[in-house]
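Structural characterization, general
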Amino acid sequence: MASKSALTVYKKILHELSANKSLFSYRASPVYLKIKDEYRRNRPVTAKYCKHTDEVLFVARTYLTYLESIRERHIIHSTYSKGEKTVAQAANIVGLNLPKTFDRPHLPLNQSSDS
């Protein structure tokens, strides 16, 4: 892995793991141990491993994107999935206001225009 970029991605992945509000410490999770092991094993990527130098970094960035997407999905879900909304509430969510309505007396249905 390219050292500076890889370290940044590694720190961001750990941040996303800690932001996951689980009941357990992320440092005790198998995911954390696997990521830590992979990071340590793939620091110097050489031709001996038959991997492109950016392949491991690409996988790490992909996993980071996955973790960020999960967190953002939980935020969106908790914000907008509180049951059925009225038209006024839905308009308010996107920053719109409905026009005011006025009660006008209705004309009788059987009114003729000859009177």
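Everything discussed here concerns the structure shown above.
Residues numbered from 1 in each chain as written. Predicted model: local features only at pLDDT ≥ 70, side-chain atom pairs only at ≥ 80, totals over all residues. Heavy atoms only, no water.

Quick word on the nonpolar core
Counting residues in each nonpolar core, the largest one holds 14 residues, and the members touching the most others are V9, I13, L14 and L17. Elements with a minimum of two residues in this core: α1 (3-19), α2 (30-41) and α3 (55-80). By residue number, the principal contributor to this core is α1, which donates six residues. Residues contacting L14, with those up to four places away along its chain left out, are Y26 and Y32. (Core = buried A, V, L, I, M, F, W, Y, C linked by side-chain atoms within 4.5 Å. Buried < 20%, exposed > 50% of the residue type's maximum accessible area, 1.4 Å probe, protein only. Helix = DSSP H or I, 4+ residues; strand = E, 2+ residues; numbered from the N terminus. Contact = heavy atoms within 4.5 Å.)

Quick word on α2
Taking 1.5 Å per residue, 12 residues should reach 16 Å; α2 reaches 16 Å between its end C-alpha atoms and fits that length. Taken residue by residue, α2 has Y32, I35 and Y39 as its buried positions. One side of α2 holds all its buried residues, which, seen down the axis, span an arc of 65°. Opposite the buried face of α2, by more than 90 degrees, sit the exposed residues P30 and R40. (Expected span 1.5 Å × (residues − 1). Arc of directions from axis to C-beta.)

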